[in-house]
Amino acid sequence: MEKRNGKIIFAKAGGNASKNAYNCKVSLPKKWIDAMEITVDDRDVTLQFDGKKIVLEKGGEEDEG
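All values reported here derive from a predicted model rather than from experimental measurement.

Calculation notes
Each chain carries its own residue numbering, running from 1 in the written order of its sequence. In keeping with the predicted nature of the model, local features appear solely for residues at pLDDT of at least 70, side-chain atom pairs appear and are counted solely at 80 or more, and the whole-chain, interface and lining totals rest on all residues. The side-chain quantities take in all heavy atoms of the structure and omit both hydrogens and water. A run of H or I in DSSP becomes a helix once it reaches four residues, and a run of E becomes a strand once it reaches two; helices and strands are each numbered from the N terminus. Only the C-alpha atoms count toward the radius of gyration. The rule for a globule is 2.2 Å times the residue count to the power 0.38. Exposure categories follow from relative accessible area, calculated using a 1.4 Å probe and restricted to protein chains: below 20% of the type maximum is buried, above 50% is exposed, and the middle band is partly exposed. Only heavy atoms matter for contacts: two residues are in contact if any of them lie within 4.5 Å across the pair. Accessibility throughout is a Shrake-Rupley quantity obtained with a 1.4 Å probe, and a residue counts as covered only by protein chains that appear here. When charges are tallied, Lys and Arg are placed among the positive residues and Asp and Glu among the negative ones, while His and the ends of the chain are skipped. All charge positions are set by atom: Lys at NZ, Arg at CZ, Asp at CG, Glu at CD. Whenever Lys or Arg places a side-chain nitrogen within 4 Å of a carboxyl oxygen from Asp or Glu, that contact is recorded as a salt bridge. A pair of Phe, Tyr and Trp rings is counted when the ring centres sit within 6.5 Å of each other, with Trp represented by its six-membered ring. The angle between the planes then sorts it: under 30 degrees is stacked, over 60 is edge-to-face, the rest tilted.

Engineer: Residue-level account of the overall build of the protein chain, with values.
Structural biologist: Along its length, the protein chain carries one helix and four strands. The linear arrangement of helices and strands in the protein chain, starting from the amino end, is β-β-α-β-β. Computed over its C-alpha atoms, the radius of gyration of the protein chain comes to 15 Å, more than 25% above the 11 Å expected for a compact globule of 65 residues. Counting the 65 residues in the protein chain, one finds 8% classified as buried. Taking as baseline every contact in the protein chain between residues at least 6 positions apart, the subset at least 24 positions apart corresponds to 11%. Looking at the protein chain as shown, the accessible area adds up to about 6500 Å², and 51% of this sits on carbon and sulfur atoms. Computed over 12 positive and 12 negative side-chain charges, the separation of the two mean positions in the protein chain equals 15 Å.

Engineer: Describe the pattern of salt bridges, with residues and values.
Structural biologist: Side-chain pairing between opposite charges can occur once the charged atoms of the two side chains come close. All told, the structure shown has four salt bridges when counted by the stated rule. One salt bridge in this structure joins Glu2 and Lys31, with 3.7 Å as the shortest N-O distance. Residue Glu2 is located in the segment before strand S1 (8-12), and its partner Lys31 is located in helix H1 (residues 30-35); the two are separated by 29 residues in the primary sequence. Residue classification places Lys31 among the exposed positions, given a relative accessible area of 54%. Linked by salt bridges that have partners in common, Glu2, Arg4 and Lys31 make up one network.

Engineer: Could you give an account of unusual backbone geometry, naming the residues involved and the relevant values?
Structural biologist: Phi is positive for Glu37, close to 60°, though the residue is something other than glycine. If you trace the backbone, Glu37 turns up in the loop between H1 and strand S3 (45-49). Take Glu37: its relative accessible area is 55%, and that puts it in the exposed class.

Engineer: Can you tell me about the packing of aromatic side chains, naming the residues and giving the values?
Structural biologist: Within the structure shown, the criterion is met by one aromatic pair. The interplanar angle of 85° and the centroid separation of 6.4 Å between the aromatic rings of Phe10 and Tyr22 together place this pair among those described as edge-to-face. Residue Phe10 is found in strand S1, and its partner Tyr22 is found in strand S2 (residues 22-26); the two are separated by 12 residues along the sequence. Taking the relative accessible area as the measure of exposure, Tyr22 reaches 48% and is therefore partly exposed.

Encoded structure:
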């Protein structure tokens, strides 16, 4: 498993968001995105959060119901 340090990118949210709202993003190495076979045309991912860590997987979950 490869490990890298990074920083969260904070940006003021626009539109109808409150004046104190922020968007948060993280930059991922292109090498990792290529290894996951995520492309401009196939970029759906699923994020999971357990309170301590975030897991990103290729593909969105199908709607239930």
